[in-house]
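Below are the chains, spelled out letter by letter.
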Amino acid sequence: MTKQHFCSAIDNENSLLIFDEDDQQWQLTLMKIATDDDLENNHHLENVGDIIEQITIPVNFCPYCGKELLNNNSKIASYVCHDFSHW
Ligand SMILES: [Zn+2]
């Protein structure tokens, strides 16, 4: 079962804070979701709600409420960024 941090400050449509079992670390994922305006301005996008951009970063604390999140991993922090707005 995936552990997820919920707090009132997180906009759950555009962000997610979960514990990644493979990397053994808490990861914050922020997404830009396509709107009608985005579809009009970018012909590569097909549907409202599609993810345009997504970035995932490891975190030790919730950046919104400050709660400390226990990581079992001491890997150097890195991030993953996906840009789905073109190909
Ligand atoms: Zn929080």
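Undergrad: Help me understand the sheet that holds strand S3 (residues 51-58) in this model?
TA: Note: strands within a sheet are paired through backbone hydrogen bonds, in either parallel or antiparallel orientation. Taken in spatial order, the four strands make up an open sheet running S1-S2-S3-S4, and their pairing is antiparallel. Whereas interior strands pair on both sides, the edge strands pair on one side only; in this sheet they are strand S1 (15-20) and strand S4 (80-83). Neighbouring strand axes in the sheet, compared pairwise and without regard to direction, differ in orientation by 15 degrees on average. Examined bridge by bridge, strand S2 (residues 25-33) and S3 share seven bridges and lie antiparallel to one another. Along S3, the bridge assignment pairs Leu30 with Ile55.

Undergrad: Honestly, the pairing of S3 in this entry has me stumped. Any pointers?
TA: Moving residue by residue along a regular strand, the side chains alternate between the two faces of the sheet. As judged from the four bridges shared by S3 and S4, these two strands associate in the antiparallel manner. Bridge pairing links Glu53 to Asp83 in S4.

Undergrad: Would you mind showing me how to read the pairing of S2 here?
TA: As paired elements, S1 and S2 share six bridges and run antiparallel to each other. Following the sheet pairing, Phe19 is matched in S2 by Trp26. Hairpin connection between S1 and S2: a loop of four residues separates the two successive antiparallel strands, and Gln24 in this loop has a positive phi of roughly 55 degrees.

Reading guide: rules and limits
Residues numbered from 1 in each chain as written. Predicted model: local features only at pLDDT ≥ 70, side-chain atom pairs only at ≥ 80, totals over all residues. Pairing = 2+ DSSP bridges. Helix = DSSP H or I, 4+ residues; strand = E, 2+ residues; numbered from the N terminus. Axes fitted to C-alpha atoms, helices over the stretch in contact; angles between N-to-C directions.

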